[in-house]
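# Chains, contacts and geometry: an overview
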Amino acid sequence: MDHDLGITVTLDAPFAETVDRVRTALAEQGFGVLTEIDVRATLRAKLGEELEDYLILGACNPPLAHRALEVDRRIGLLLPCNVVVRSADGRSVVEAMDPDLMVRFTGRPELAAVAAEAGTRLRAALASLRD
């Protein structure tokens, strides 16, 4: 389920249903969706290019974001946690950025506890999609 950059789960479920389930799963773990980028619609409108369903959700858990910002104000460059929902081979793929990247990219060990909690919550959200 883990990759170098993210946490991934693949579902035998339609894209729109998966997006709804992801929003619910994130909310249950204390994440709100601050931003939504419909990459498919953007590429079609701006470039005339076609892409499979591809949505980027900017998820934020305010208490965790606050703790991370207290350690390093530059952490905003890595916030919110991006969660991608995309279609692939008739299935839906959900990928979340691994919060441990905050520690690896910044070299700030003080972020480890925040990253660990965020990672636990994101993994729980994605794991719940399999139920």
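Every chain is numbered independently, its residues counted from 1 as its sequence is written. Local features in this predicted model are restricted to residues of pLDDT 70 or higher, and side-chain atom pairs are both shown and tallied only at a pLDDT of 80 or more, whereas totals for entire chains, interfaces and linings draw on every residue. Only hydrogens and water are removed before side-chain values are computed, so all heavy atoms of the structure are retained for them.

Turning to the sheet that holds strand β2 (residues 32-38), a few remarks are in order. Within the open sheet, the five strands sit side by side as β1-β5-β4-β3-β2. Their pairing is antiparallel. Strand pairing shows two members of the sheet lacking a second neighbour, β1 (6-11) and β2, which therefore form its edges. Averaged over all pairs of adjacent strands, the angle between their axes in this sheet comes to 20°, without regard to strand direction. Any two residues whose heavy atoms approach within 4.5 Å at even a single point are treated as in contact. For helices, the fitted line uses only the C-alpha atoms of the stretch in contact; every axis is such a line through C-alpha atoms, and the angle between N-to-C directions lies from 0 to 180 degrees. By the criteria applied, helices consist of DSSP H or I runs no shorter than four residues and strands consist of E runs no shorter than two, each listed in order from the N terminus. Packed on one face of the sheet, helix α2 (residues 39-47) meets β2 and β3 (54-60) and runs near 35° to β2. Whether two strands pair depends on DSSP finding at least two bridges between them.

Moving on, we get to the pairing of β3. The cut-offs for exposure are 20% and 50% of the maximum accessible area for each residue type, with area from a 1.4 Å probe on protein chains only; residues under the lower value are buried, those over the upper are exposed, and the others partly exposed. For β3, a buried count of six out of seven residues is recorded, marking the element as mostly surrounded by other parts of the structure. Of the strand pairs in this sheet, β2 and β3 are connected by six bridges, and their pairing is antiparallel. Bridge pairing in β3 places Glu36 opposite Leu57. Bridge count for β3 against strand β4 (residues 81-88) is six bridges, and the pairing is antiparallel. When the sheet's bridge partners are listed, Ala59 is paired in β4 with Cys81.

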